[in-house]
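# Structural description and commentary
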Amino acid sequence: MMSHKLAWPFNAPVDPVAWNIADYFDIIKNPMDFGTIKQQLEAGHYSNYEEFADDMRLVFTNATTYNAPKSQVWVMATTLSDLFEKKLSQAKKKLEEIASEMESTIWEIRDSMKQVQEEIRKLRQQKTQSKSGSSKGRSQKDDNR
């Protein structure tokens, strides 16, 4: 997202002096930007994708709250917001597909494990029967001496 041609106003924290918007922090109480989000991602701050998505949405909400509708920054924010939501939806679908495949694989592994456990049970039973059969055979041989 940071490399998108419209992302430049959102890649670093808003500098009210540089942008000549002294009232920014009076209006925006929870500032957020892509650079901060990137740092938090790299630091492992987010425990799930929703926390990440919430911060991304905060960037867009702040921009559309502070800037007038149809202004350049407002249009950039809404365009990127739409793109983000589309990409997030695609990623969610892909994750759901992977999760479904994993669930299917887990069930196959469970079934295989049950079969292996049953085979082990049968082998143990055969081993026990074999031992008791050979013990009886030895006892009969001992009696014949």
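Residues numbered from 1 in each chain as written. Predicted model: local features only at pLDDT ≥ 70, side-chain atom pairs only at ≥ 80, totals over all residues. Heavy atoms only, no water.

### Some details on the layout of surface pockets
Within this model, the largest pocket holds a volume of roughly 200 Å³. In terms of lining, the largest pocket is formed by 15 residues, of which the most central are Phe10, Val14, Tyr24, Asn67 and Val73. For the lining of the largest pocket, the element with the most residues is helix 4 (residues 49-66), which contributes four residues. Class assignment for the residues of the lining of the largest pocket results in 12 nonpolar, two polar and one charged. (1 Å grid on protein atoms, 1.4 Å probe; cavity = no way out; pocket = protein on both sides within 12 Å on 5 of 7 lines; lining within 4 Å. Points joined across faces, edges and corners; volume = space filled by probe spheres on them. Helix = DSSP H or I, 4+ residues; strand = E, 2+ residues; numbered from the N terminus. Nonpolar A, V, L, I, M, F, W, Y, C, P; charged D, E, K, R; others polar.)

### As for helix 4
With 18 residues, helix 4 extends 26 Å from end C-alpha to end C-alpha; this agrees with the ideal 26 Å at 1.5 Å per step. When helix 4 is considered as a whole, its buried residues turn out to be Ala53, Asp55, Met56, Val59, Phe60, Asn62, Ala63 and Tyr66. Capping the start of helix 4, Asn48 holds a side-chain oxygen 3.0 Å from the backbone nitrogen of Glu50, two or three residues further along. (Expected span 1.5 Å × (residues − 1). Buried < 20%, exposed > 50% of the residue type's maximum accessible area, 1.4 Å probe, protein only. Polar contact = N/O pair within 3.5 Å; in protein donor to acceptor, adjacent residues only side chain to side chain.)

### Describing the packing of aromatic side chains
Going through the model one piece at a time under the given rule, you end up with eight aromatic pairs. Across from the ring centre of Trp107, 4.7 Å away, lies the NZ or CZ of Arg110, which sits over that ring. (Phe/Tyr/Trp six-rings, centres within 6.5 Å; stacked < 30°, edge-to-face > 60°. Lys NZ or Arg CZ within 6 Å of the ring centre and 35° of its normal.)

### Details of the nonpolar core
Grouped together as the largest cluster of nonpolar side chains are 17 residues, with contacts concentrated most on Phe10, Phe34, Ile37, Val59 and Phe60. Among the elements of the structure, helix 3 (34-42), helix 4 and helix 5 (72-144) are those that each provide at least two residues to this core. Looking at this core, the element that brings in the most residues is helix 5, giving six residues. With near-sequence residues (within four places) excluded, Phe10 lies in contact with Asp33, Phe34, Gly35, Val59, Ala63, Val73, Met76, Ala77 and Leu80. (Core = buried A, V, L, I, M, F, W, Y, C linked by side-chain atoms within 4.5 Å. Contact = heavy atoms within 4.5 Å.)

### Focus on helix 3
Working note: α-helix, 3.6 residues per turn, so residues spaced by three or four point in the same direction. Every buried residue of helix 3 is accounted for by Phe34, Gly35 and Ile37. Each buried residue of helix 3 lies within a common arc of 160° when the element is viewed along its axis, so the set occupies one face. Just downstream of helix 3, Gly44 is the residue with a positive phi angle, here 75°. (Arc of directions from axis to C-beta.)

### Some words on the pattern of salt bridges
Under the criterion given, the structure shown has five salt bridges. Notably, a salt bridge pairs Arg57 with Glu50, separated by 3.7 Å at the nearest N-O pair. Between Glu118 and Arg121 there is a salt bridge, with the nearest N and O atoms lying 2.4 Å from each other. On the criterion of helical spacing, the pair formed by Glu118 and Arg121 is a turn pair, its members being three residues apart in helix 5. Ionic contacts of the salt-bridge type, sharing partners, join the residues Glu50, Asp54, Arg57, Glu85 and Lys92 into one network. (Salt bridge = Lys/Arg side-chain N within 4 Å of Asp/Glu carboxyl O.)

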